[in-house]
Amino acid sequence: QQIESLERNIGDYALFGTVEYKPVDDFTIKPGLRAAYNTRFKAPLIPSLNLRYAIPLATGSITRQIILRGSYAKGFRAPSLKELYFDFVDVNHDIHGNQNLKAEYSDNFIFNVVYGNYGSKNGLKLEWNNFYNKISNLIVLAQLSPTSAEYTYGNLGHFQTYGSTLAAKVTIGGLCISAGGGRTAQYNQLYDEALDTKQFTITPEMTGSILYDWKQTGLSFSLFY
């Protein structure tokens, strides 16, 4: 009963294919393609590309290697039935769908570097991760005006996020210590209105953990931050 006209439908059909090719043992190329049909919105061909290159640094009882990964993927998302036809009004809510919504389109880039140093009991792992997303027509739930309690779904013209994280993990016998930090940037829509605000809002983050596996007793201890 919260859907306009009580019944609505939308269909989404797709085929996805991928190929893995190794020109040399340590280098992998993996392209993909998704062909979709949506009964209401025109879906484009959606390509993706993944690259992986492993650089061995040593042999023997200790294995050291650097792994480079890069990927690109295009994205498409049609509005859902809820976003198009939702109609919910009571004493606490006044939310309406929007049949004029446009589909979302996006581009996503990822680049990672991992260094690993692995022995029989001890190990070291360093990881650097980066991403960038660019989205057109991002669908959001928005208040119609500051003086109104009515909400509806709308499209943002463009939206971007990017971020980077750095993490380290050390294993010494049954002891494992890890720590990391990074930041994520999110596009600020008020910037488009020429207000006194920064183009991106930066959010920092930190993580850490200590784990110990006391094999003689069968006990394990962990601390997370």
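No experiment lies behind these values; they were computed from the predicted model shown.

### Some thoughts on the pairing of strand β4 (residues 46-58)
Right, so step 1: Here strand β3 (residues 27-38) pairs with β4 via eight bridges, running antiparallel. Counted as the bridge partner of Thr28 is Arg52 from β4.

### What to know about the environment of Thr171
Right, so step 1: With respect to the helices, strands and loops of the structure, Thr171 is situated in strand β10 (residues 151-172).
Right, so step 2: Excluding residues within four positions of it along the chain, Thr171 makes contact with Lys121, Asn122, Gly123 and Cys176.

### Describing the pattern of salt bridges
Should their charged atoms come close, side chains of opposite charge can pair.
Right, so step 1: Summed over the entire model, instances satisfying the criterion amount to five salt bridges.
Right, so step 2: Across the pair Glu104 and Arg77 runs a salt bridge, and its minimum N-O distance is 3.3 Å. Residue Glu104 is found in strand β8 (residues 104-118), and its partner Arg77 is found in strand β5 (residues 63-77); the two are separated by 27 residues along the sequence.
Right, so step 3: What makes Glu104 buried here is its relative accessible area of 11%.
Right, so step 4: Salt bridges here are not isolated pairs; linked through shared partners, they connect Arg77, Glu83 and Glu104.

Thresholds, definitions, all that
Residues numbered from 1 in each chain as written. Predicted model: local features only at pLDDT ≥ 70, side-chain atom pairs only at ≥ 80, totals over all residues. Heavy atoms only, no water. Pairing = 2+ DSSP bridges. Helix = DSSP H or I, 4+ residues; strand = E, 2+ residues; numbered from the N terminus. Contact = heavy atoms within 4.5 Å. Salt bridge = Lys/Arg side-chain N within 4 Å of Asp/Glu carboxyl O. Buried < 20%, exposed > 50% of the residue type's maximum accessible area, 1.4 Å probe, protein only.

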